[in-house]
Amino acid sequence: MRLAFSIAYRFLKSNKGQTDLILIGIIIGVSVQIFIGSLIDGLQISLVDKTIGNASQITIVPAGKDKYFLEDRALLDTLKTNDNLTAVSESYDNSAFININGDTYPILLRGLEFEDANMIYEFSDKLIEGNIPQLQNETLIGATLATDNNLKIGDEIEILTPEGVNQRLKISGIFDLKVSNLNKTWIVMPIEGARAIFVNDNQLTSIEMQVSDVFKADTIAEEIKNNLNNSSVDVVNWKEENEELLSGLSGQSASSIMIQVFVLLAVLLGISSVLAISVVQKSKQLGILKAMGIKDNQASFIFLFQGLILGTVGAILGSIFGVLLTYIFSIFVKSPDGTSLVPFYLDYKFIGMSALIAIVASMIAALIPARNTSKLNPIEVIKNG
Amino acid sequence: MAKILKLMDINKVYGDKIKTQVLFDINLDFEESTFNSIIGESGSGKSTLMNIMGTLDRATSGDVEINGINISNMNKNELAVLRNEFIGFIFQFHYLLPEFTVMENILIPYRIKNKNITKEAISRAEELMEIVGISKVKNNKATDISGGQQQRTAIARALINEPKIVLGDEPTGNLDSSTTEIVYDLLRDINQRYKTTFIIITHDKRVAEKADRIIEIKDGRIEMDISRKI
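The present account deals with the structure reproduced in this document. (Residues numbered from 1 in each chain as written. Chains lettered and ligands numbered in written order. Predicted model: local features only at pLDDT ≥ 70, side-chain atom pairs only at ≥ 80, totals over all residues.)

Brief notes about the overall build of chain A
Along its length, chain A carries 16 helices and 12 strands. Over its C-alpha trace chain A gives a radius of gyration of 32 Å, far above what one expects of a compact globule, namely 21 Å for 385 residues. Viewed in the frame of its principal axes, chain A has a C-alpha envelope of about 105 × 50 × 30 Å. Looking at chain A as a whole, 39% of its 385 residues qualify as buried. (Helix = DSSP H or I, 4+ residues; strand = E, 2+ residues; numbered from the N terminus. Rg over C-alpha atoms; globule rule 2.2 N^0.38 Å. Buried ≥ 20, exposed ≤ 12 C-beta atoms within 10 Å, placed from the backbone.)

Written as structure tokens, this is what we have:
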């Protein structure tokens, strides 16, 4: 075996041109695979992040047609200690109207614990003016609503509820959530204040949560649901509400896998054909090795080892180039606002898998030449010599 | 003296549809530590005979006994081990591995047999290089030495595993006459020194005449078989 390895190594070393050619093939293959894979992964992650990064990923909502459910401190505490969840925020929402100079607009009045809600919506970072409300009669309004109606910090707005309650709130800050609909319709205030307006103590409309692995939201939601044992609430997750996005993502993944498979196939054929030529070139040496008593399978190992060496070196260098390519792309290809178009994202498991697949593929490619070697009859080559 | 190699009723037929018989009922045996030559015109079947003796080819019918063991029922791997341990080959062309040095080439049959190269193996290789006169070029690549040196390297390689039999198929066919002379003297010398049996195919009558026994093959049959008194 060691002899087969050292012969394989010497064959590769002596035939530098050929070896380099195969290596370049593998390196290009692996690096393109890693580049495309990482690019698509990065794109998907940024897309998912943009879509649901600042939204509830798992939400506990009232079951059926109910609008509210009873606040349960014990439930909140267990959710907050759940390791899969990165944010847990209770909210009391209700639709209402805002009256500005005699005109009324429909709004969504959101009562939140700002400390918790910040983990999801990042209000503190998204304030373009003012502060988070400190008092029960203070509120945040969206940037669109503010500019449309010329509202400023310190101004008072009048809220009308469908039940006929009339409440004045003071604007403490203006947020920009980058979604015009939210910027126009959300009135965000402390939860106690919101409850007070609707006279609805200890009720919640939802508990919003974020998870560490967004793609596991459905299984985590299922777990929560099973542990909840409460028929008055239901647990929903972003996946069931964003099927189109998900099918888009899986389509993208499928095409990325297709590209990777064909790149790999091209590499495989390349290695296989060059090694097959090498068997013909080395047939005299292989013939004499067989005459000297090397067994057929040992002779085959000469080429399998060549595949292994080429695959390993190619995979390592290819991975490095692939990562480098992804990095360069993320640095030089930027969107107009200066952030990189595709964030630099590395999935080490993916890179490891790509490298491993390249090594295995190289060995598979070496199987055909190895088989030819095994079949080679020493008297054929010695006679022809 | 013991018979090291026995051929019994060997027939060899090539081809499936159009059959060409190249060997007809060959019966031959070779005594241990003798120096034999086989002569014959090209196409006479001597190379086929050599390949059958060397287990590289199988006879269509008949039996081959090497060192008292009938090889007819051995599989390819068993034959490979047998070749590696019992038989050394010297061909018209040296077939050295150009990627390896002279020393490494000589050690290849040893490495096929053994996992590790021992000190004894190295000293044997050095002894052989001394005998064939290539000690000076032992670290040269096989391509960086002269034709005569390459053939000497092939001879040293054939001897590294201390084979009982060395088969030579025109071992000097590619060398000039003065080198041919030297190489044959060398083979005779090794034959006496290590008691190795030599069976050499040649078309050079002068060379053949130096052997203990001359066998002539003609049209697949033994035409002549003369032994000299040793």
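Next, the rest of the story.
Quick look at the sheet that holds strand β8 (residues 197-201) of chain B
Backbone-to-backbone hydrogen bonds pair the strands of a sheet. The strands run either parallel or antiparallel. All names here are of chain B. Strand order in the open sheet formed by 6 strands is β6-β7-β8-β3-β9-β10, and the pairing between neighbours is mixed. Sheet topology places β6 (87-90) and β10 (221-227) at the edges, where each strand pairs with a single neighbour. Within this sheet the neighbouring strands show an average axis-to-axis angle of 15 degrees, counted without direction. Relative to strand β7 (residues 165-169), β6 is paired through 4 bridges, and the arrangement is parallel. Bridged to Ile90 within β7 is Gly168. (Pairing = 2+ DSSP bridges. Axes fitted to C-alpha atoms, helices over the stretch in contact; angles between N-to-C directions.)

Some points on the nonpolar core
Grouped together as the largest cluster of nonpolar side chains are 109 residues, with contacts concentrated most on Ile26 of chain A together with Met53, Ile106 and Ala156 of chain B. With 9 residues, the single largest contributor to this core is helix α13 (residues 296-332) of chain A. Ala156 of chain B has contacts with Ile106, Leu128, Met129, Val132 and Ile134 of chain B, leaving out every residue within four places of it along the chain. (Core = buried A, V, L, I, M, F, W, Y, C linked by C-beta atoms within 7 Å. Contact = placed C-beta atoms within 7 Å.)

Remarks on the pairing of strand β12 (residues 233-237) of chain A
Residue and element names in this part refer to chain A. Of the two faces of β12, only the one carrying Val233, Val235 and Asn237 is buried; Asp234 and Val236 on the other face are not. Pairing analysis gives 5 bridges linking strand β1 (residues 58-62) to β12, with the strands arranged antiparallel. What sits directly across from Val61, in β12, is Asp234.

As for the interface of chain B and chain A
In this complex, chain B contributes 22 residues to the contact, which on the side of chain A involves 18 residues. Elements with a contribution of two residues or more to the side of chain B that touches chain A: α2 (76-86) and α3 (102-113) of chain B. The dominant element in the side of chain B that touches chain A, judged by the number of residues it contributes, is α2 of chain B, at 6 residues. A breakdown of the residues in the side of chain B that touches chain A according to their chemical character gives 13 nonpolar, 3 polar and 6 charged. (Nonpolar A, V, L, I, M, F, W, Y, C, P; charged D, E, K, R; others polar.)

Considerations on the environment of Lys218 of chain B
Residue and element names in this part refer to chain B. One can find Lys218 in strand β9 (residues 213-218). Taking the C-beta count within 10 Å as the criterion, Lys218 has 14 such neighbours and is therefore assigned partly exposed. Sequence spacing of Lys218 and Glu41 is 177 residues, and the spatial spacing of their C-alpha atoms is 7.1 Å. Residues within four places of Lys218 in sequence aside, it is in contact with Gly40, Ser44 and Glu223.

Here we look at the sheet that holds strand β1 (residues 3-14) of chain B
All names here are of chain B. Taking strand neighbours across the sheet as the criterion, the 4 strands line up as β2-β1-β4-β5 in an open arrangement whose pairing is antiparallel. Sheet topology places β2 (20-31) and β5 (69-70) at the edges, where each strand pairs with a single neighbour. With 8 bridges connecting them, β1 and β2 associate as antiparallel partners. Across the sheet, the residue bridging to Tyr14 is Thr20, located in β2. Running at roughly 125 degrees to β1, helix α1 (residues 46-53) makes contact with β1, β2 and β4 (61-66) of the sheet.

Considerations on unusual backbone geometry
Unusually for a residue other than glycine, Lys178 of chain A sits at a positive phi of about 65 degrees. Position of Lys178 of chain A among the secondary structure elements: in the loop between β8 (166-175) and α7 (180-185). One non-glycine residue with positive phi stands out, namely Asp25 of chain B, at about 40 degrees. Examined against the element boundaries, Asp25 of chain B turns out to sit in strand β2.

Considering the pairing of β4 of chain B
Residues and elements named next belong to chain B. With 5 bridges connecting them, β1 and β4 associate as antiparallel partners. Each residue of the ladder has a partner; that of Asn11, found in β4, is Ser61. With 2 bridges joining them, β4 and β5 adopt antiparallel strand pairing. By the bridge assignment, Ile66 is partnered in β5 with Ile69. Hairpin geometry of β4 and β5 is characterised by an intervening segment of 2 residues between the two adjacent antiparallel strands and by a positive phi of about 55 degrees at Asn67.

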